[in-house]
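Residue-level structure breakdown
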Number of protein chains: 2
Amino acid sequence: MLGLMQDWPLTVDRILDHAAEWHSSREVVTRSLEGPIVRTTYSEIRERAKQLSNALLELGIRPGDRVATLAWNSGRHTEAWYAIMGIGAVCHTLNPRLFADQLCYIINHAGDRIIFTDTTFLPTLIEHRSRMPTVERFIVLTDEGGVRDIPLDGVLASETLIEQHDANCQWGGFDEQTACGLCYTSGTTGNPKGVLYSHRSNFLHTLVTLQTDVMGLSVRDTVLAVVPMFHANAWGLTFSCPAVGAKLVMPGQKMDGPSILELLETEKVTFSAAVPTVWQMLLAHMRETGARPTTLKRVVIGGSAVPEAIIRAFHDDYGVDVVHAWGMTETSPLGTLSTPTPEIAALPFDEQMPYKLKQGRPPLGMQLKLTDDAGAPRPRDGVSFGRLKVRGPYVAGAYFKGEGGQILDEEGFFDTGDVATIDEAGAMQITDRAKDVIKSGGEWISSIEIENIAACHPKALMAAVIGVAHPKWDERPLLLVRLKDGETAEPSEFLRFLEGKIAKWWMPDDVVFVDDIPLGATGKIDKKLIRQRFEGYLLPIATAKAG
Amino acid sequence: MLGLMQDWPLTVDRILDHAAEWHSSREVVTRSLEGPIVRTTYSEIRERAKQLSNALLELGIRPGDRVATLAWNSGRHTEAWYAIMGIGAVCHTLNPRLFADQLCYIINHAGDRIIFTDTTFLPTLIEHRSRMPTVERFIVLTDEGGVRDIPLDGVLASETLIEQHDANCQWGGFDEQTACGLCYTSGTTGNPKGVLYSHRSNFLHTLVTLQTDVMGLSVRDTVLAVVPMFHANAWGLTFSCPAVGAKLVMPGQKMDGPSILELLETEKVTFSAAVPTVWQMLLAHMRETGARPTTLKRVVIGGSAVPEAIIRAFHDDYGVDVVHAWGMTETSPLGTLSTPTPEIAALPFDEQMPYKLKQGRPPLGMQLKLTDDAGAPRPRDGVSFGRLKVRGPYVAGAYFKGEGGQILDEEGFFDTGDVATIDEAGAMQITDRAKDVIKSGGEWISSIEIENIAACHPKALMAAVIGVAHPKWDERPLLLVRLKDGETAEPSEFLRFLEGKIAKWWMPDDVVFVDDIPLGATGKIDKKLIRQRFEGYLLPIATAKAG
């Protein structure tokens, strides 16, 4: 027997409709590429997005067609999103930090018909235009003057299109499973793979993240969305802010300390979200200048592990609460957050720190499991490593065009490729990437944990740890160190430094000093390249110290 | 094109699964009917609910079968809910405050096969057993001793069933549109009608109400659920508390001031929800004894309009924030809440009061419209009355077994039967029931507003206003007053009292002193009966004062 409640498909156009109806004059503020602060409102954004939808329809865009955006966070970018999604087309966010080859691969793979772009990226698009045969039009987020004399065939100005079309456009009215967004994973192995979000998944992700213990946004919040719309949906803020009518502030291209602080203060920001690097720049700027945020209450930080120094500086110096989060493109992206249980919240701040350093607990709608390589469950004791697998209504079930084949296990869980622990309080901590973890005698060693400690050695500029083949133990850790300029050191200095800080059997079998530790496109250590460089490396000690 | 996210039906068993996995030891505390406080946890509740599910399966319950509950709020009642819903049967909550005739009508209409009941209600069930032919079994929420010698055929003890069955039971795995709950409206006109909730509607209602600006529950909250599970889903608390892992406290049968205060204090309650009457009893008790709540932060009050005195007493005397809410059985039930916008929150408390007295704004997922009788939109100016209509994924689309026929308008909105205003800030205020509003010369007069003011006259014990036929103006207001014992008064005293407090053309055309103002089953003034009593009443003034 089915229930008798109303049929009301969860499509994201309803989110902006809600904002325009109940929070019509709430501001969306952007630092424009041209410099000045630009102010608009949710009702204006909806009006202009509908005009853009009509332009897309006239340009022949139909439901299911992919329309890309290559743009910084802005009100105009937001308009493009809703214009595309509202008519059932797929909004494909392009990451401008990718190399041109990857960008072209992704555009072709997606079959993008139109690309919305900021002027910033015109040189790249012009240079590689011939490699994007599926693209018919480039809509530059600017006015007519901004596209004059641009040597790019098919170029149009968004402001002109908006002027030329009326706002009378039917949005939604389709199945909530309809594809809504497309975002490719950075693809450290193999080609980038596309995650194809549905209206339903984005809507549910929005509702789940609005819970008090997740993002907890309110109509009384002013949100600085530093985290980019071009990667992992700006952690959902482009949906969750209009959903509750929070004022939305967007930094455009400028994410340096002074620019961020200026926006925090002039717009009276209460909440923000970004990766650690952005906060490091902001904290450094504030330390240097003595300036401080006066309205900021909470920041959600994710993308990579948050160093204790950031959590402490925000708390001790500025009274700002840091929430540590974990997620990925495949999880829409929010997976877990370190919001405290009552037991943790009751502890003195120093005793809360071990939990704040973990990525935290999942909300309703996100299921986690921790398994060994064979799929058997691992204990939730805070020390046992396992592969982290996830399931839920906003977790990828397959990649676009079937890339990667079947990606779910027999229970329907997606393997994140991360290795993690979960403690008795339910707090998850990422310990390594599955492909980087070192498997020694059937036990797993975290490469990240060792290199993080080694990097704290006063002579070290940077450290990396990889597993190297070992006849008895399968793999053993090898520590690579790039010393600070002018320093010299012996391996034993580093091994002594590690003693007592890691388990004895985690101790690297060798230490090698190198001139260069390579980084990938996203700024993380490129272990794949390091492993290639050290393939066949012979450890100096035939019998391992481990045992 | 459809998205490629995971298939994860929104079924409510997942809510308790989540609580048992991530908040396993969080307590559910009940004041038992026997007196003592009983403590259990989400994981124990899930375990026992699964045992009960197996008992239901053995008793022949299949998906779609209706299983009723007639019980106070308790951990055992919660177990019964999840036991029923988890296997795809329909949990039909029976309101013990209904007359036996209504109760029997509802049980027969629903075709309930089993009734879970508290011992409290055994006398009623025994007396009317012969009028419930569809009912095969009565499962009393007690142990074997509690059902010994009970003269009720088909009686079983829940504790015995739990002992006899194991907890290995498959929950969920069905379509999220599957019927989940059934609750009949009190039915002031015609027979009671059943609202048939789906798993999807309950799950979405849960997520929507967990938003910070709605119920805003957190794992750090301790929630006293005074609002009954037997009516309108306890405002969703039976789902939303386990969804976030909030500690759940339930008062059983005792809702008097001292009992409520005791639970607030001993269990360190931070949040509660109830109708105004409960709070009036609590406030009276605290005033008398000088006792005060020390951990309570926020109360959500709905069911009927919240008097200013309650809001003030909580705020001024105890530092507790009151959130005014509106909803109905057909809206799952939460429709709107008076959580403030930043503009309202910035006002001094006295200036916030007009907004706190309104029922507030809708969250994403609840659409409101205000129309005249012909369906044309009414302005949102805070003074124009209109019929309040609602649409959303947890709003009724039809009643059980087609009662009442087609209940949605051509845009898919459900007519609430309430008359309301919506102001420029988006705050909705119920002004009357549509059938009670007085239509005078094409304009609408709120019967409730006049009677609320008249009831403040020092000589009045109670007041009621109805519309009486008028040759020129269609209807004009008639004020009925029941004076306090021993008082006498002239009509003119009441008309003078109203002067300046209501619009001139709202002034009643007559005042009649009566010995009795009848109340309905839910404690509200029975206007239907009053209208019957005053049918054909001739107003003394042939030409109305209105103009």
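Now for a look at the structure at hand. (Residues numbered from 1 in each chain as written. Chains lettered and ligands numbered in written order. Predicted model: local features only at pLDDT ≥ 70, side-chain atom pairs only at ≥ 80, totals over all residues. Heavy atoms only, no water.)

Focus: the nonpolar core
Leu237 of chain A together with Leu237 of chain B are the most contacted members of the largest nonpolar core, which has 175 residues in total. For leucine 237 of chain B, the contacting residues outside a window of four places in its chain are Met215, Leu217, Val223, Ala225, Val227, Pro242, Phe271 and Ala273 of chain B. (Core = buried A, V, L, I, M, F, W, Y, C linked by side-chain atoms within 4.5 Å. Buried < 20%, exposed > 50% of the residue type's maximum accessible area, 1.4 Å probe, protein only. Contact = heavy atoms within 4.5 Å.)

Some details on the interface of chain A and chain B
As a measure of interface size, the accessible area lost when the parts come together is often cited. Counting residues at the interface gives 76 residues for chain A and 75 residues for chain B. In total, chain A and chain B occlude about 5,900 Å² of area from one another, counting both sides; carbon and sulfur atoms represent 59% of this. Contact with chain B buries area across many residues of chain A, yet Met5, Gln6 and Trp22 of chain A alone supply 15% of it, more than any other trio. Between the two partners, chain A and chain B, sit eight salt bridges. For arginine 380 of chain A, the salt bridge identified is with glutamate 21 of chain B, shortest N-O distance 2.7 Å. At the boundary of chain A and chain B, one finds 43 residue pairs in polar contact (both at pLDDT 80 or more). When contributions to the side of chain A that touches chain B are tallied by element, the ones reaching two or more residues are helix H1 (13–22), strand S9 (194–198), helix H8 (199–209), helix H9 (237–244), helix H13 (342–345), strand S16 (367–371), strand S17 (386–391) and strand S18 (414–422) of chain A. At six residues, the largest contribution of residues to the side of chain A that touches chain B is made by H8 of chain A. (Buried area = accessible area lost by both parts, 1.4 Å probe. Salt bridge = Lys/Arg side-chain N within 4 Å of Asp/Glu carboxyl O. Polar contact = N/O pair within 3.5 Å; in protein donor to acceptor, adjacent residues only side chain to side chain. Helix = DSSP H or I, 4+ residues; strand = E, 2+ residues; numbered from the N terminus.)

What about the sheet that holds strand S7 (residues 155–157) of chain A?
All names here are of chain A. The seven strands lie next to each other as S7-S6-S5-S3-S4-S8-S9, forming an open sheet whose pairing is mixed. At either end of the open sheet lies a strand with only one pairing partner, and these are S7 and S9. For this sheet, the mean inter-axis angle between neighbouring strands, taken without regard to orientation, is 25 degrees. Direction of pairing for strand S3 (residues 66–70) relative to strand S4 (residues 90–93): parallel, over a ladder of four bridges. When the sheet's bridge partners are listed, arginine 66 is paired in S4 with valine 90. (Pairing = 2+ DSSP bridges. Axes fitted to C-alpha atoms, helices over the stretch in contact; angles between N-to-C directions.)

Brief notes about the packing of H1 of chain A against H9 of chain A
Residues and elements named next belong to chain A. Where H1 contacts H9, the two axes come as close as 7 Å, and the packing angle between them is 35 degrees. Remark: the crossing between H1 and H9 carries left-handed chirality. Mapping the contact onto sequence places Ile15, His18 and Ala19 in H1 and Phe239, Pro242 and Ala243 in H9. For the contact of H1 with H9, the per-class residue count stands at five nonpolar, one polar and no charged. (Left-handed = near helix turned anticlockwise from the far one by under 90°. Nonpolar A, V, L, I, M, F, W, Y, C, P; charged D, E, K, R; others polar.)

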